Number of protein chains: 2
Amino acid sequence: MVKVSDSLVTNTKVYLEIVKHLREMISADNLKSGDKIPSERELTERLNVGRSSVREALRALELLGLIETRRGEGTYIRDFRGNQLVQLLGTFILQDEKAKLDVIETKNLIEMDFLRLVLNRADEEQLLKLKSLVEADQLNDDQFFYQLIEMADNYLFSRIWLILKDYYNSLDIKNVEYNRNSFLMLIEALAAKDEKKTLYAYRQLRNLSILTDKY
Amino acid sequence: MVKVSDSLVTNTKVYLEIVKHLREMISADNLKSGDKIPSERELTERLNVGRSSVREALRALELLGLIETRRGEGTYIRDFRGNQLVQLLGTFILQDEKAKLDVIETKNLIEMDFLRLVLNRADEEQLLKLKSLVEADQLNDDQFFYQLIEMADNYLFSRIWLILKDYYNSLDIKNVEYNRNSFLMLIEALAAKDEKKTLYAYRQLRNLSILTDKY
DNA sequence: GTTATTTAGTGGTCAGACCACACCCATCTC
DNA sequence: GAGATGGGTGTGGTCTGACCACTAAATAAC
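Remember, it's a predicted structure, so these values are computed and weren't measured experimentally.

Engineer: Describe the environment of Tyr168 of chain B, with residues and values.
Structural biologist: All names here are of chain B. Mapped onto the fold, Tyr168 is located in helix 9 (residues 155-170). Judged by relative accessible area, Tyr168 falls into the buried class, the value being 12%. Linking Tyr168 and Lys107, residues 61 residues apart in sequence, is a C-alpha distance of 7.8 Å.

Engineer: Give a detailed account of the pattern of salt bridges, specifying residues and quantitative values.
Structural biologist: All names here are of chain A. In total, this model carries 32 salt bridges over all chains according to the counting rule given. With a shortest N-O distance of 2.9 Å, Arg55 and Glu40 are connected by a salt bridge. Linking Arg55 in helix 4 (residues 51-63) with Glu40 in helix 3 (residues 40-47), this pair joins segments that are 15 residues apart in sequence. By relative accessible area, Arg55 is classed as partly exposed at 24%. Here Arg116 and Glu195 are joined by a salt bridge, their closest N and O atoms 3.4 Å apart. Placement of the pair is Arg116 in helix 6 (residues 100-121) and Glu195 in helix 11 (residues 195-205), with a sequence separation of 79 residues.

Engineer: Residues and numbers for the packing of helix 7 (residues 124-135) of chain A against helix 8 (residues 141-152) of chain A, please.
Structural biologist: All names here are of chain A. Remark: helix 7 packs on helix 8, axes separated minimally by 11 Å, with the N-to-C direction vectors making an angle of 175 degrees. Considering their axes alone, helix 7 and helix 8 lie roughly antiparallel with respect to each other. Together, Gln126, Leu127, Leu130 and Val134 of helix 7 and Phe144, Gln147, Leu148 and Met151 of helix 8 make up the contact between the two elements. Classifying every residue of the contact of helix 7 with helix 8 gives six nonpolar, two polar and no charged.

Engineer: Explain the sheet that holds strand 3 (residues 74-77) of chain B to me, and be specific about the residues and the numbers.
Structural biologist: All names here are of chain B. Pairing in this open sheet of three strands is antiparallel, and the strands run 1-3-2 from one edge to the other. With partners counted over all chains shown, the strands left at the sheet margins are strand 1 (36-37) and strand 2 (67-70), one partner each. Helix-sheet contacts for helix 4 (residues 51-63) involve strand 1 and strand 2, and the interaxial angle to strand 2 is about 115 degrees.

Engineer: Help me get a handle on the nonpolar core, residues and values and all.
Structural biologist: With 71 residues, the main nonpolar core has Phe114, Phe144 and Leu148 of chain A together with Phe114, Phe144 and Leu148 of chain B as its most contacted residues. When neighbours within four sequence positions are excluded, Phe144 of chain B is seen to be in contact with Leu130, Val134, Leu139, Phe183, Leu186 and Ile187 of chain B. In this structure, Leu64 of chain A together with Ile26, Leu64 and Ile67 of chain B belong to the second largest nonpolar core, which totals 42 residues.

Engineer: I'd love a proper account of the sheet that holds strand 3 (residues 74-77) of chain A, names of residues and values included.
Structural biologist: Residues and elements named next belong to chain A. Read across the sheet, three strands follow the order 1-3-2 without closing on themselves; strand pairing throughout is antiparallel. Two strands close off the open sheet at either side, each with one partner strand: strand 1 (36-37) and strand 2 (67-70). Sheet topology note: the strand 2/strand 3 ladder contains four bridges and is antiparallel. Within strand 3, the position partnered with Ile67 by the bridge is Ile77. Helix 4 contacts strand 1 and strand 2 of the sheet and is inclined by roughly 115 degrees relative to strand 2.

Engineer: Summarise the protein's contact with DNA strand D; cite the residues concerned and give the values.
Structural biologist: Near DNA strand D there are 24 residues, and of these Val14, Gly50, Ser52 and Ser53 of chain A together with Arg41 of chain B occur at the shortest range. Backbone sugar and phosphate groups make up 66% of those atoms of DNA strand D lying within 4 Å of the protein. Here a phosphate oxygen of DNA strand D sits 2.8 Å away from a polar atom, N or O, in the main chain of Glu40 of chain B. A distance of 3.3 Å is found between a sugar or linking oxygen of DNA strand D and a side-chain nitrogen or oxygen belonging to Arg71 of chain B. Of all the secondary-structure elements, those providing two or more residues to the surface near DNA strand D are helix 4 of chain A together with helix 3 (40-47), helix 4, strand 2 and strand 3 of chain B. A class-by-class count of the residues in the surface near DNA strand D yields two nonpolar, nine polar and 13 charged.

Engineer: Now, about the protein's contact with DNA strand C: what can you tell me, with residues and values included?
Structural biologist: Taken together, 24 residues lie around DNA strand C, and Glu40 and Arg41 of chain A together with Lys13, Val14 and Ser53 of chain B are the ones closest in. The side chain of Arg59 of chain A places a nitrogen or oxygen atom 3.3 Å from a phosphate oxygen of DNA strand C. Within the contact set of DNA strand C, a sugar or linking oxygen lies 3.3 Å away from a side-chain nitrogen or oxygen of Arg71 of chain B. Elements supplying a minimum of two residues to the surface near DNA strand C: helix 3, helix 4, strand 2 and strand 3 of chain A together with helix 4 of chain B. In terms of residue class, the surface near DNA strand C is built from two nonpolar, nine polar and 13 charged.

Reading the values: the criteria
Residues numbered from 1 in each chain as written. Chains lettered and ligands numbered in written order. Predicted model: local features only at pLDDT ≥ 70, side-chain atom pairs only at ≥ 80, totals over all residues. Heavy atoms only, no water. Helix = DSSP H or I, 4+ residues; strand = E, 2+ residues; numbered from the N terminus. Buried < 20%, exposed > 50% of the residue type's maximum accessible area, 1.4 Å probe, protein only. Salt bridge = Lys/Arg side-chain N within 4 Å of Asp/Glu carboxyl O. Axes fitted to C-alpha atoms, helices over the stretch in contact; angles between N-to-C directions. Parallel < 35°, antiparallel > 145°, perpendicular 65-115°, else oblique. Contact = heavy atoms within 4.5 Å. Nonpolar A, V, L, I, M, F, W, Y, C, P; charged D, E, K, R; others polar. Pairing = 2+ DSSP bridges. Core = buried A, V, L, I, M, F, W, Y, C linked by side-chain atoms within 4.5 Å. Near = heavy atom within 4 Å. Polar contact = N/O pair within 3.5 Å; in protein donor to acceptor, adjacent residues only side chain to side chain.

So, in structure tokens, the structure goes:
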């Protein structure tokens, strides 16, 4: 029987003990995403604590994106690759406001980064598929880049970009006009695995100064 | 009077509404770290919800490191840097090998990005100062790059890097041996505003393949 | 066999009760 | 008067028990 209520001694909060216990349980039983964890009431009994404490722990882990909870069913471990931590911190921190330019710049930098990744990872087939979508005018700017970022095969990076994108859109700058030709040029450059040409196409797409080598 | 108990309608959980409300409150009242937020009982009344729901929200934010709570005193906003939560996530989540690789890759990409920024923004004085610090062996790897990222003058970007850095350190990979010469080479390349040389120095520092042009 | 219906289990929420602790301030002691 | 003492009050910490809403599986009805 595991005792958690050492809080009398350890002076640490019960809900933190529960978090710790869950962590141990997960690693001990080798639980993976999708697996179910014991119900709140069962944890209450097993750990000899109040249900409210169990819930505090679970809710905290839920907000962290580590578990997922379905009413009437139970609580499950979640697929946490590149979880929402950045998002949460972002929304809390970025209230700072002053940094519109930072957002734009950062988004541009990130986009150029994953263009470099795509340069080395995308196969021709993917690019052809993307090309056909563009030619059919099926994609807006965000969607176009989302396709690309998926090819970069870096989940964490894609999460960061998604956040930046949302943030960027919330700035309603809207100087971005849809430009199919720039898209096609980009794809072509990627297919040719030509970094210089790729970045050139990107700068043109984003109306960045092409002459200066700012970033 | 703010109503939160739209949960009947919105179907979102009460504690999430409270988190949201707190976020709004913080930005509306322009609260900063160290400031006090209303007591649990007051929030209970103001928002017309149960105290346990308020606590679920507060405990979640506490685990995230966004607030700090002192028994007998109250709850305070905290200086939120990446801190402990990253550690938590680290041990909790990052067993996934691919996720680890993503973290490493992303951190490298970000670092190269701000090297590019520094290339165009740092003045000689800053670089000289950095150089003297390095020569005196005053900086470890993280500190060295933190100095650099400050020169890049992009607050958002530095935030992202700080988080990634903590992530990275929680992986305890530790293949990075201190290398003063690489640091100096990097600084020299930056001072010369030579992008190619800069990135070359960086790759060497990080033991990245220099021949292939992976990223 | 198929379809309703019931039932048990689960998360979601609230209210109330204590406890432990920090702080303020009136009071007491010297 | 200065310092120590000790309640009072407010705050977080925890537990309990009671409902509600929902899901899924067992059961009943056809």
